[in-house]
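Breakdown of the fold
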Amino acid sequence: MSEQWPGGQPGGPTAYVPLRAPGVSAGYRRWAGILVWVAIVIAVLMVVAFVVSVVLLVKADSDVDNAAYGYLAMFLWFGIVAAIPVVLAVGIPGVVMRRRVRQAGTTPS
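My aim in this report is to walk through the structure given alongside it, one point at a time. (Residues numbered from 1 in each chain as written. Predicted model: local features only at pLDDT ≥ 70, side-chain atom pairs only at ≥ 80, totals over all residues. Heavy atoms only, no water.)

Looking only at helices and strands, the protein has two helices and zero strands in total. With 109 residues in all, the protein has 21% of them scored as buried. Considering only contacts in the protein between residues 6 or more positions apart, those separated by 24 or more positions represent 67%. Accessible surface computed for the protein: about 8,600 Å², of which carbon and sulfur atoms make up 70%. (Helix = DSSP H or I, 4+ residues; strand = E, 2+ residues; numbered from the N terminus. Buried < 20%, exposed > 50% of the residue type's maximum accessible area, 1.4 Å probe, protein only. Contact = heavy atoms within 4.5 Å. Areas by Shrake-Rupley, 256 points an atom, 1.4 Å probe, with all protein chains shown as cover.)

Structure, rendered in structure tokens:
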């Protein structure tokens, strides 16, 4: 025969208790900040490279003797396209880590 509690349910009383987020170490906090800042720096460099490429295109278009500047602009575009996955690969984990650090900091002890 099985035991029953006063509520008529077999087994013990159950209740949902939300899990506490585990604490994060100082190293984890540091790496979260580093990853986010590296992504920001790379994104700023990409914007600067885009602006420089537009300036190079304008200069290349102004005179036939300056056509090599157009090739430099294309080289910068290849660099920008190659940097997009790097920004995503560094920025997304950094944002997720910062979010976890923020949640661990606001969870009551």
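From this point, the discussion proceeds with the structure in view.
Turning our attention to the side chain of Ser53. Within the fold, Ser53 resides in helix 1 (residues 26–62). Of note is the side chain of Ser53, whose polar atom sits 2.6 Å from the backbone oxygen of Phe50. Setting aside chain neighbours within four positions, we find Ser53 in contact with Ala73, Leu76 and Trp77. (Polar contact = N/O pair within 3.5 Å; in protein donor to acceptor, adjacent residues only side chain to side chain.)

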